[in-house]
Amino acid sequence: MTNLQTFHSQQCDIFTAAHPKSQALAAQATAWRGGVPMHWMRDWAAPFPIYVQSAEAATLTDVDGHTYDDFCLGDTPSMFGHARPELVAVIAKQAGEGVGFMLPTPLANEVGDLLRARFGMDQWQVATTASDANRAVIRWARSITKRDKILVFDGCYHGMVDDCFVALYDGQPANKKGLIGQIQDQTRTTKVIPFNDLPALARALSEGDVAAVLAEPVMTNCGMIQPIEGFNERLRDLCTQHGSILILDETHTLSSGPSGYTGAHDLKPDMFVVGKAIAGGIPAAVWGVTAEIAARMDQAQAEIGPGQSGIGTTLSGNALVMAAIKTMLTEVMTEEGYKHMLRGAAYLVAGLRDIIKRHDLPWSVVHVGARAELVFASQAPKNAEDMRRHLDHDLLEAFHLYLINKGVLIAPFHNMMLISPQTGFDAIDRLVTAVASFSQELNS
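One structure accompanies this document, and this report is about it. A quick note: this is a predicted structure, and the numbers were derived from the prediction, not measured. (Residues numbered from 1 in each chain as written. Predicted model: local features only at pLDDT ≥ 70, side-chain atom pairs only at ≥ 80, totals over all residues. Heavy atoms only, no water.)

### Side note on the packing of aromatic side chains
With the rule as written, the count across this model stands at 18 aromatic pairs. Aromatic side chains Phe 7 and Phe 438 sit 5.7 Å apart centroid to centroid with 75 degrees between the ring planes, which places their arrangement in the edge-to-face category. With Phe 7 in helix α1 (residues 3-18) and Phe 438 in helix α14 (residues 425-442), the pair connects residues that are 431 residues apart, well separated along the chain. Judged by its relative accessible area of 0%, Phe 438 falls in the buried class. Taking 5.6 Å as the distance between ring centres and 80 degrees as the angle between the ring planes, the aromatic pair formed by Phe 376 and Phe 399 counts as edge-to-face. With Phe 376 in the loop between β14 (371-375) and α12 (384-390) and Phe 399 in helix α13 (residues 393-405), this pair connects stretches of sequence that are 23 residues apart. The exposure classification of Phe 376 matches that of Phe 399, with both residues buried. Three or more aromatic residues link up through ring pairs in this structure, and these residues are Phe 7, Trp 363, Phe 376, Phe 399, Tyr 402 and Phe 438. (Phe/Tyr/Trp six-rings, centres within 6.5 Å; stacked < 30°, edge-to-face > 60°. Helix = DSSP H or I, 4+ residues; strand = E, 2+ residues; numbered from the N terminus. Buried < 20%, exposed > 50% of the residue type's maximum accessible area, 1.4 Å probe, protein only.)

The structure is reproduced here in C-alpha cells:
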C-alpha cells in the first residue's frame, strides 16, 4: 500500500475502536436505504456514521461520549449554533399554539417587514427549502422574460433543481454524471460556463435567450471559489444589458454579514434566495424580489390568468417557521454575533496560513466572511475545472477522518470550515493544531 493508504487504514482502525455504539447502531439500521435516513449522511469519511446524542452551541456529542468541535454546523443550517436558547423557547411556545394552518398569523407581517429591511428586496415569499425557492424563482424568471433558458456556472449547486444539474466536461456542457432518473437533456434549456469567465458570460447573454442567471456571489459547492475583482459588478451590468434577471443564491454566503454577501458588497440582484440557516435549522427558505420584478410578476400573472401556478408547498410559511425566522432575525443573527464570526474566521485563516508557510505546504486558503476553505493547491483555483484537479478524494478522505479522530468536524464534501457566534477561539486553536499534525504525521 502507499503511505496514504496505510495512513487512512490506520485512521479507520482508530475510529472503529473508539465508536462501538455508533457501529452497533449502524449495523441495526436495515430499514433505511443505505443505512441512514438521508443518503448524504453517508458522505462523511468515517467507515460508518457517527450517531449524534446531542449538540449545543458549537459542539456535538456522539453516542459513544465523544465531543467534537463542530465547524460543519449541519452544512450551514446550524451556522449560528446548536440548540440556541432563543429558538428553543419560541419553538416550544409556537408548538403549544399550533404549527400549521395554511393561514398567516400576525407574526407573518413582522417577518416580512424584517426581511425587507435586512435584505432590501421589496416583496417576499417563504419556501420549505432553498431547492424549492430556486425552482420558484427560475419559473418566475421564465414567465416574466418569456425566455426558456437559464445560465449557471460550472461547479454550482443550488439544491435539488433539475435545471442546475449541468457541468462542463472537457469544455463541453452535459448533464452532471451520476444523475438518477434524469431523462431530459438539461443543456437544451440551461447554459453552463466557467465561473469568472467574463468573455464567456458576455457571449452567452448576448444571444438574448437567457431568462436568468442563477449564481452564488462566491462559489461554495465545488470547493470555495472567489470571484475575480469586479466580476459580480460586471455580471450585474451584463444581465441588465441583455435583459436577463440576476438571481443570487445566498444560502451559504449568508455567513458574510448580517445582510449576506449582497449587503456586505452592495450587490444589486433582481431576486434573492436564502435557505438553511434563516430559520435556525427549521426547514425553511425565503426568496425576495425588487419592486420592479414584483410589478413584472403581476403583469405576467395577469396574462397567464387563473389556475394552478405549480409554485408552493403546503408546509411553506407555517407558523413555526415564521416564529423561528423572526427570532433568528431579531435575536440571533445580530451585528455582535457576526462580529464574533468574522473575527473567528480571520483568526482561523491566519492560523492555517501560518502552518502552510512554516511547513512549506503546497496548500492555500480561501476565505469569505465566516467561511474558510483549505485547498490542497498552492494557488486557489478560479474556476471549477481547476478546482476539480485538486480535489484528491483519497487525500480528502484521510484528512477528514483524521480530524474526526482528533475531535473536529468540518463539512464532509470538501474542506469548508464555518465559524458560528458560539465558536470559541480555543476550538479554532484545536482545529489549526490538528491540521498541522495531519501534515506532519501523513509524511512521517
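And the narrative resumes.
### Points about the sheet that holds strand β5 (residues 149-153)
Taken in spatial order, the 7 strands make up an open sheet running β4-β12-β11-β10-β9-β5-β8, and their pairing is mixed. Either end of the sheet is taken by a strand with one partner, and the two such strands are β4 (123-127) and β8 (190-193). Averaged over all adjacent pairs, the angle separating strand axes in this sheet is 20 degrees, with direction ignored. Against the sheet, helix α4 (residues 106-119) contacts β4, β11 (271-274) and β12 (285-289), and its axis sits at roughly 115 degrees relative to β4. (Pairing = 2+ DSSP bridges. Axes fitted to C-alpha atoms, helices over the stretch in contact; angles between N-to-C directions. Contact = heavy atoms within 4.5 Å.)

### With respect to a nonpolar patch on the surface
On the surface, a cluster of nonpolar side chains totalling about 360 Å² of accessible area is made up of Met 38, Trp 40, Met 41 and Phe 413. Relative to the helices and strands, Met 41 resides in the loop between α2 (20-28) and β1 (52-56). (Patch = residues over 30% accessible without salt bridge, like charges linked within 9 Å, V, L, I, M, F, W, Y side chains within 5 Å. Areas by Shrake-Rupley, 256 points an atom, 1.4 Å probe, with all protein chains shown as cover. Salt bridge = Lys/Arg side-chain N within 4 Å of Asp/Glu carboxyl O.)

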